[in-house]
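Breakdown of the fold
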Amino acid sequence: MRGTLRLIFTAVVALLPALGSAQIARVEVHPIQSVTMTDQDFLNGRKDGKPVLLAGQLRIPRPGADRLPAVVLLHGSGGVGTNVVDWEDQLNSIGVATFVIDAFTGRGIVGTSTDQGQLGRLAMTYDAYRALEILEKHSRIDPLRIAVMGFSRGGQAALYASVKRFQRMHGPASGRDFAAYMPFYASCGTKFVDDDAVSPNPIGMFHGAADNYVPVAPCRDYVARLKAKGAKVTLTEYPGASHVFDGRNFRPPVIAAKSQSTRNCQLAETQNGVVVNLKTRQAFSYADPCVELGPTIAYDEKAHAESVKAVKELVTATFRL
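Calculation notes
- Residues numbered from 1 in each chain as written.
- Predicted model: local features only at pLDDT ≥ 70, side-chain atom pairs only at ≥ 80, totals over all residues.
- Heavy atoms only, no water.
- Disulfide = S-S within 2.5 Å.
- Helix = DSSP H or I, 4+ residues; strand = E, 2+ residues; numbered from the N terminus.
- Buried < 20%, exposed > 50% of the residue type's maximum accessible area, 1.4 Å probe, protein only.
- Phe/Tyr/Trp six-rings, centres within 6.5 Å; stacked < 30°, edge-to-face > 60°.
- Lys NZ or Arg CZ within 6 Å of the ring centre and 35° of its normal.
- Lys, Arg positive; Asp, Glu negative; His and termini not counted.
- Salt bridge = Lys/Arg side-chain N within 4 Å of Asp/Glu carboxyl O.
- pLDDT = per-residue confidence, 0-100.
- Contact = heavy atoms within 4.5 Å.
- Pairing = 2+ DSSP bridges.
- 1 Å grid on protein atoms, 1.4 Å probe; cavity = no way out; pocket = protein on both sides within 12 Å on 5 of 7 lines; lining within 4 Å.
- Points joined across faces, edges and corners; volume = space filled by probe spheres on them.
- Nonpolar A, V, L, I, M, F, W, Y, C, P; charged D, E, K, R; others polar.

In total, this model carries two disulfides according to the counting rule given. Two residues share a disulfide in this structure: Cys 188 and Cys 219, whose sulfurs sit 2.1 Å from each other. Classification of the bridge connecting Cys 188 and Cys 219 rests on its S-S torsion, roughly 85 degrees, and on that basis the disulfide is right-handed. Here Cys 219 lies in helix α7 (residues 217-228) and Cys 188 lies in the loop between β6 (181-184) and β7 (190-191), a separation of 31 residues in the sequence. In this pair, the class of Cys 188 matches that of Cys 219, namely buried.

Both the distance between ring centres and the angle between the ring planes are used here to describe each pair of aromatic rings. Counted under the stated rule, the structure contains 14 aromatic pairs. Ring plane angle 75 degrees and centroid distance 5.1 Å describe the contact between Phe 42 and Phe 166, whose orientation is recorded as edge-to-face. Here the residue Phe 42 occupies a position in helix α2 (residues 39-43), and Phe 166 occupies one in helix α6 (residues 164-170), the gap between them amounting to 124 residues. A relative accessible area of 0% places Phe 42 in the buried class. Here the aromatic rings of Phe 151 and Phe 184 are separated by 5.6 Å at their centres, their planes lie at 50 degrees, and the arrangement is tilted. A residue pair is termed long-range when its members are at least 10 positions apart, and Phe 151 in strand β5 (residues 141-151) and Phe 184 in strand β6 qualify at 33 residues. A relative accessible area of 0% means that Phe 184 is categorised as buried. A network of ring pairs unites the aromatic residues Trp 87, Phe 151, Phe 184, Tyr 185, Phe 206, Tyr 238 and Phe 245 as a single cluster. Here the guanidinium or amino end of Arg 130 rests over the ring plane of Tyr 126, the centre of that ring lying 4.4 Å away.

Tracing the sequence through the fold places Asp 102 in strand β4 (residues 97-102). For the buried Asp 102, which has no salt bridge, the nearest side chain bearing the opposite charge is Arg 107, at an N-O separation of 7.7 Å.

Attention shifts here to the confidence of the model for the chain. Across the chain, the average pLDDT comes to 94, with 93% of residues at 70 or higher. Confidence over residues 4-20 falls short of pLDDT 50; this stretch has 23 contacts with residues more than four positions distant or in other chains.

Another point: the sheet that holds β7. The strand order β7-β12-β13-β14 describes an open sheet built from four strands, whose pairing is mixed. Looking at strand neighbours, the two that pair on one side only are β7 and β14 (282-283), the edges of this open sheet. Pairing analysis gives two bridges linking β7 to strand β12 (residues 267-269), with the strands arranged parallel. Note that in β12 the partner of Lys 191 across the bridge is Ala 268.

Turning our eyes to something else, we now look at the layout of surface pockets. If you add up the space inside the largest pocket, you get close to 1,000 Å³. Forming the walls of the largest pocket are 47 residues, and the residues nearest its centre are Arg 121, Thr 190, Leu 267, Val 275 and Phe 284. Only α2, α5 (153-160), β7, α7, β11 (260-261) and β12 provide two or more residues apiece to the lining of the largest pocket. Top contributing element to the lining of the largest pocket by residue count: α7, with five residues. Of the residues contributing to the lining of the largest pocket, the split by class is 20 nonpolar, 19 polar and eight charged. As a volume, the second largest pocket reaches approximately 340 Å³. Along the walls of the second largest pocket sit 21 residues, with Gly 78, Gly 79, Asn 83, Val 244 and Phe 250 positioned nearest its centre.

Have a look at this one:
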């Protein structure tokens, strides 16, 4: 028990915003009861993974008793970084509450960039559903106006949280859906069964056209499939922008020499929830030859500014601000 509390305390410290970073009325840190499971277990609808206690920080931008819209934020492979805090500030500034999940600390993970096999790619989708369950019952949050936004690994989790099959298997007991989905530079390189049957709510995807960590091309194909099924989906590409184009810490650009990229892997779900490498027809692992190292991470001021404007427009329209 002491070990668990120590991990949660560490997560709380990591999540606390810098004083004066934004004008907010209240900060709350909530425990999130989740589980850690493999992607195969997730895809088979199992819920008996290893129980884990995570932490989520809720920032309420103004005092009062009225119910506010909220956005759940899912970090990338490096954990909660400056870009996530910046997005909290941007959303809080227009009267939107934010709920940042630390999906790593409670699991004993610092980062997954150099070893993505530490955590299933869909684990954070499960975490996002648990966050929705917490927020839909909160006295200051409007349960009909809760969106999800994620970055890289978290972007993939946010994107596939829209899939109706996954919602039926793992979503909130209430059956509630996120009001909008906003994945940033998400991986679309895995074709899941029935992944083109998604939420009727808006899906706004944002990607750097020059991203060599998580290339945009598979997302173009996925968006085409979604549009063919009538989904409300848009893909905004920023010319010349690389991975984490909203991350001010990556100025100048960084070559992540040991970070794993599946940019040249073609993956698909097959029978019994097994994700296979389509080239080898064998179960995928991060030891596969298609996994490469050394992608680029780089801030792009123009793309960042344009994405802030686009997100605020999407949030304002969705939440009727």
